[in-house]
Amino acid sequence: MLEIENSVDRRMRPRPNTRVNLESLMSNDSQSSSSRSSSPSHRSSSPIPPESGHQELAKDNETVKVCLRLRPHLRNNPYKAAFRIHENSLLARNVDDNSTERQYTFSEIFDDTVSQAEVYDRCIKPAMRNISGERGATFLTYGTSGSGKTYTLLGNHANPGIVPRAIEQVFMENANCISPHPGLKVDKTSVSFLDDDSVCRELKKVESMKKMLQYHDAGHSRMKSIIRKEHDFQTSKDPDLRVFIWVSFVEIYNENVFDLLGQDSIFGKRKPMKILSNEGNAYIKDLSCVFAGSSEDAYNILQFGLQSATYGSTDVNSNSSRSHSIFFMTVVSYSLATQLINYSVYKFCDLAGSERLKKTGNFGDRLKEAQKINTSLMVLGRCLETVHKNQKSKKLAEIVPVRDSKLTMLIQSALLGKEKLSMIVNLYPTEEYYDENLNVLNFSSIAKQIVLQRKPTQRRDRTTRYSFFLAQATSSPSAKIDWNQLMVENESLKQELAYESNVYREQLADKALEIQQLKREIFDQELQLRNELTDDFESYCAQREATFQTRLKQAREAAVLPYKLQITNLNAKIEHLKNVITDMEYEEDEYEKKLKAYQEELQKYREKEKRTRRLSL
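Residues numbered from 1 in each chain as written. Predicted model: local features only at pLDDT ≥ 70, side-chain atom pairs only at ≥ 80, totals over all residues. Heavy atoms only, no water.

**Structural notes on the overall build of the chain**
Moving on, step 1. When helices and strands are tallied, the chain shows 17 helices and 20 strands.
Moving on, step 2. Here the chain holds 617 residues, and 37% of them are scored as buried.
Moving on, step 3. By element, 51% of the accessible surface of the chain is carried by carbon and sulfur atoms, the whole surface being about 38900 Å². (Helix = DSSP H or I, 4+ residues; strand = E, 2+ residues; numbered from the N terminus. Buried < 20%, exposed > 50% of the residue type's maximum accessible area, 1.4 Å probe, protein only. Areas by Shrake-Rupley, 256 points an atom, 1.4 Å probe, with all protein chains shown as cover.)

Printed below as a string of structure tokens:
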């Protein structure tokens, strides 16, 4: 019976039992060479296991950064000591009952005396590092209505919030690399180059937004000087790097996503937008992405979007945010040396405050808004709870319900651990809002326990048939000799490749000169051909003009001829009538003479008759 060839029958093909690190086989390290020449039993422990090979991954894992910030209380409305701070823990206990004291641990706790600069340095600044390959970060401000979330996020001219400070950090760290023209843009999670017409349109878009600002002031320069005094941002000195910064701004109102930077948003003509996904990355279809060539442009774009944001008045807050707003800042970097393109997206989310109807007094549209806000926050809590449960349990992971809300769909990358997530929980520590604050604290305690697992970007080796033959080849005694010969051949091939590349460069230069000469010849031939065509066309036009003049003359003569005959006939009739008139005038003279003679004879007769009558008497 014939023996079946293993390479023919797929069931009998040899498969590798181990994995081999291909990069170690190509290195020149002596330890790598010795490991390749070792026995197969020694090699079985060195390959990269399926879920290892990145020992630093465990060190990189960290929990979600959750910071607590207490809002200053009013002097004329002191509150009872329902909350106490002990190091990085908050102790909560209702003083009206005998309930047990609850403890909540945070990454950082800021009392009402901590400045905006300190909050930014300890919560936001570490996540805004300019590192190539970072996907970005998501920053959330969460709390009850009126707890100071918007102030933490935006601040004012005297005390800028985290968004203006983040803008200044990005522009100051990349001051030497910022491109004044929008050459690269992220479109549907992929980077594309812009042509000259697109560049002009983007620049005009920024200028039109500046002109449409309702309250344009000089507060940015003052705010910029304040931020520079309070922070020490180091400027990058990479001359081969070009950075392009783009800004977007949306709000989620009644579970509909609206573009705050659209030209129609300022006139109230807004249309809900769709959220799509490309390879697991969510993006908003047809979202306005505006180029910011300076920090002032980015701040003006932010102010333009705030004009269209939805605010309302409740019993708790006279200027309450009625929607979740998300400010996107995309940093695209292009290396001239390596020709590599990276981009990071930083999301700043101002979550609307959770509300209770009996305290806010909402009804009508405000009631509907509150229901939508509470529903989206509930979905966000479910997502965090599911992620935490999946990390704790070894069973089959549950599906994170990110699609149940527009908010969680937009920040799903952070919820699923693909990018950094930081949360600033704002608390108004009064006894009146004790129950609402407990809900906020319970929500944040779940987020604090979630571990961010950053997946390595490099590809892992797969179990293939090639790895088996590679392991067999490296296990032979002559592997080291073959390796040395391979390295010598590799060096010779490199030298030959360098020589060939130089030859090809010279040939390319000669071809370039030849192409230039051919272009000149083509230009001369084209010029000569154009001149010949112009001369021929001019002669043709002259000939056609002469023909048309002749035809026009003939047409004129043909058109005048019948009228000449009519004129001759009319002239003959006129002469005849003149003769008739002359004869009649002559006859008239004769008749006048006869009439005069008759009148004289009549006069004589009358005188004679008078004399006869006198004689008779």
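Having seen the model, we can carry on.
**Observations concerning the pairing of strand E4 (residues 89-92)**
Residues in a regular strand project their side chains so that they alternate between the two faces of the sheet.
Moving on, step 1. Judged by which residues are buried, E4 turns out to be covered on both faces: Ser89 and Leu91 on one side and Leu90 and Ala92 on the other are all buried.
Moving on, step 2. Judged from the 4 bridges that link them, strand E3 (residues 83-86) and E4 form a sheet pairing that is antiparallel. The residue bridging His86 from the neighbouring strand is Ser89, located in E4.
Moving on, step 3. Hairpin geometry of E3 and E4 is characterised by an intervening segment of 2 residues between the two adjacent antiparallel strands and by a positive phi of about 55 degrees at Glu87.
Moving on, step 4. With 4 bridges joining them, E4 and strand E5 (residues 102-105) adopt antiparallel strand pairing. Residue pairing for E5: Ala92 is matched across the bridge by Arg102. (Pairing = 2+ DSSP bridges.)

**Examining the sheet that holds E4**
Moving on, step 1. The antiparallel open sheet is built from 3 strands, whose spatial order is E3-E4-E5. Two strands in the sheet have a free side with no partner beyond their single neighbour: E3 and E5. When the angles between neighbouring strand axes are averaged without regard to direction, this sheet yields 25 degrees.
Moving on, step 2. The strands that helix H15 (residues 434-448) touches are E3, E4 and E5; relative to E5, the one it contacts most, it runs at about 45 degrees. (Axes fitted to C-alpha atoms, helices over the stretch in contact; angles between N-to-C directions. Contact = heavy atoms within 4.5 Å.)

**Observations regarding the packing of helix H8 (residues 196-212) against helix H10 (residues 295-306)**
Moving on, step 1. Two elements in contact, H8 and H10, have axes separated by 10 Å at closest approach and are oriented at 55 degrees. Classified by the angle between their axes, H8 and H10 sit oblique to one another. Crossing of H8 against H10: the hand is left-handed. The residues of H10 that touch H8, namely those facing Val206, Met209, Lys210 and Met212, are Asp297, Asn300, Ile301 and Phe304.
Moving on, step 2. Taken together, the residues that form the contact of H8 with H10 break down as 5 nonpolar, 1 polar and 2 charged. (Parallel < 35°, antiparallel > 145°, perpendicular 65-115°, else oblique. Left-handed = near helix turned anticlockwise from the far one by under 90°. Nonpolar A, V, L, I, M, F, W, Y, C, P; charged D, E, K, R; others polar.)

**What about the UniProt feature "coiled-coil region" (unreviewed entry) in the chain?**
Moving on, step 1. On the UniProt side, "coiled-coil region" (unreviewed entry) is annotated at positions that read residues 501-535 and 567-615 here.
Moving on, step 2. Helix makes up 100% of residues 501-535 and strand 0%. Its end C-alpha atoms lie 50 Å apart. (UniProt positions renumbered as here; feature names shortened; annotations may be inferred.)

**What to know about the side chain of Glu419**
Moving on, step 1. Within the secondary structure, Glu419 is located in the loop between helix H14 (412-415) and strand E19 (420-427).
Moving on, step 2. Reaching out from Glu419, the side chain makes a polar contact with the side chain of Lys347 at a distance of 3.0 Å. (Polar contact = N/O pair within 3.5 Å; in protein donor to acceptor, adjacent residues only side chain to side chain.)

**Examining the environment of Met172**
Moving on, step 1. As for its position among the elements, Met172 is in helix H7 (residues 162-173).
Moving on, step 2. With a relative accessible area of 13%, Met172 lands in the buried category.
Moving on, step 3. Once the C-alpha coordinates of Met172 and Ser295 are considered, the two residues, 123 residues apart in sequence, prove to be 8.7 Å apart.
Moving on, step 4. If near-sequence neighbours (up to four positions away) are discounted, Met172 is found in contact with Arg228, Phe233 and Thr235.

**Description of a negative patch on the surface**
Moving on, step 1. A cluster of acidic side chains, namely Glu532, Asp535, Asp536 and Glu538, defines a negative patch on the protein surface.
Moving on, step 2. Positionally, Asp535 belongs in helix H17 (residues 479-616).
Moving on, step 3. On the basis of relative accessible area, Asp535 is assigned to the partly exposed category, the value being 47%. (Patch = residues over 30% accessible without salt bridge, like charges linked within 9 Å, V, L, I, M, F, W, Y side chains within 5 Å. Salt bridge = Lys/Arg side-chain N within 4 Å of Asp/Glu carboxyl O. Lys, Arg positive; Asp, Glu negative; His and termini not counted. Charge placed at Lys NZ, Arg CZ, Asp CG, Glu CD.)

**Section: a positive patch on the surface**
Moving on, step 1. A contiguous patch of positive charge, built from Arg606, Lys608, Lys610, Arg611 and Arg614, is present on the exposed surface.
Moving on, step 2. Looking at Lys610, the relative accessible area reads 54%, which means it is exposed.

**Observations concerning unusual backbone geometry**
Glycine aside, a negative phi is what most residues show, and trans is what most peptide bonds show.
Moving on, step 1. Phi at Asn254 takes a positive value of approximately 55 degrees, unusual for a residue other than glycine.
Moving on, step 2. Along the chain, Asn254 turns up in the loop between strand E10 (241-253) and strand E11 (256-259).
Moving on, step 3. Here the phi dihedral of Asp286 falls at roughly 60 degrees; this positive angle occurs in a residue that is not glycine.
Moving on, step 4. Structurally, Asp286 is set in the loop between strand E13 (281-284) and strand E14 (290-291).

**Digging into the UniProt feature "binding site: ATP" (unreviewed entry) in the chain**
Moving on, step 1. As annotated in UniProt, the feature "binding site: ATP" (unreviewed entry) corresponds to Gly143, Thr144, Ser145, Gly146, Ser147, Gly148, Lys149 and Thr150 in the numbering used here.
Moving on, step 2. Mapped onto the elements of the fold, Thr144 is located in the loop between strand E7 (136-143) and helix H6 (149-153).
Moving on, step 3. The exposure class assigned to Thr144 is buried, which follows from its relative accessible area of 4%.
Moving on, step 4. Tracing the sequence through the fold places Ser147 in the loop between E7 and H6.
Moving on, step 5. At a separation of 2.7 Å, a polar atom in the side chain of Ser147 contacts the main-chain carbonyl oxygen of Thr144.

**Things to note about H8**
Moving on, step 1. For H8, spanning 17 residues, the distance from its first C-alpha to its last is 25 Å, which sits close to the expected 24 Å at 1.5 Å a residue.
Moving on, step 2. Every buried residue belonging to H8 is among Ser198, Val199, Glu202, Val206 and Met209, and all of these are buried. All buried residues of H8 fall inside an arc of 110 degrees around its axis, so they share one side. Every exposed residue of H8 that faces more than 90 degrees away from the buried side is listed here: Asp196, Asp197, Arg201, Lys204 and Lys211.
Moving on, step 3. Where H8 is buried, its residues touch strand E8 (184-187), E10, E14 and H10. (Expected span 1.5 Å × (residues − 1). Arc of directions from axis to C-beta.)

**Quick word on the environment of Asn426**
Moving on, step 1. Positionally, Asn426 belongs in strand E19.
Moving on, step 2. Exposure remark for Asn426: the relative accessible area of 2% places this residue in the buried category.
Moving on, step 3. Along the primary structure Asn426 and Leu441 are separated by 15 residues, whereas in three dimensions their C-alpha atoms are 9.7 Å apart.
Moving on, step 4. With sequence-adjacent residues up to four places away left out, Asn426 is seen in contact with Arg69, Thr141, Tyr142, Gly143, Thr144, Ser147, Gly148, Lys149 and Thr152.
Moving on, step 5. A distance of 2.9 Å separates polar atoms of two side chains, one belonging to Asn426 and the other to Thr152.

**Quick look at the nonpolar core**
Moving on, step 1. Leu68, Met423 and Leu441 are the most contacted members of the largest nonpolar core, which has 51 residues in total.
Moving on, step 2. Top contributing element to this core by residue count: helix H12 (residues 365-392), with 7 residues.
Moving on, step 3. Apart from the residues within four sequence positions on either side, Leu68 is in contact with Leu90, Phe106, Glu108, Ile109, Phe110, Val425, Leu427 and Leu441. (Core = buried A, V, L, I, M, F, W, Y, C linked by side-chain atoms within 4.5 Å.)

**Some details on the confidence of the model for the chain**
Moving on, step 1. Residues at a pLDDT of 70 or more form 75% of the chain, whose mean pLDDT is 77.
Moving on, step 2. Here residues 1-60 is modelled with pLDDT under 50, and outside its nearest four sequence neighbours on either side it reaches 63 contacts, counting other chains as well.
Moving on, step 3. Contacts from residues 456-476, a stretch scored under 50 in pLDDT, to residues over four places away or in other chains number 32 contacts. (pLDDT = per-residue confidence, 0-100.)

**Re H7**
Moving on, step 1. In this model, H7 (12 residues) spans 16 Å end to end at C-alpha, consistent with the 16 Å of a helix rising 1.5 Å per residue.
Moving on, step 2. Of all 12 residues in H7, 12 are buried, a share of seventy percent or more.
Moving on, step 3. Along H7, the residues that are buried comprise Ile162, Val163, Pro164, Arg165, Ala166, Ile167, Glu168, Gln169, Val170, Phe171, Met172 and Glu173.

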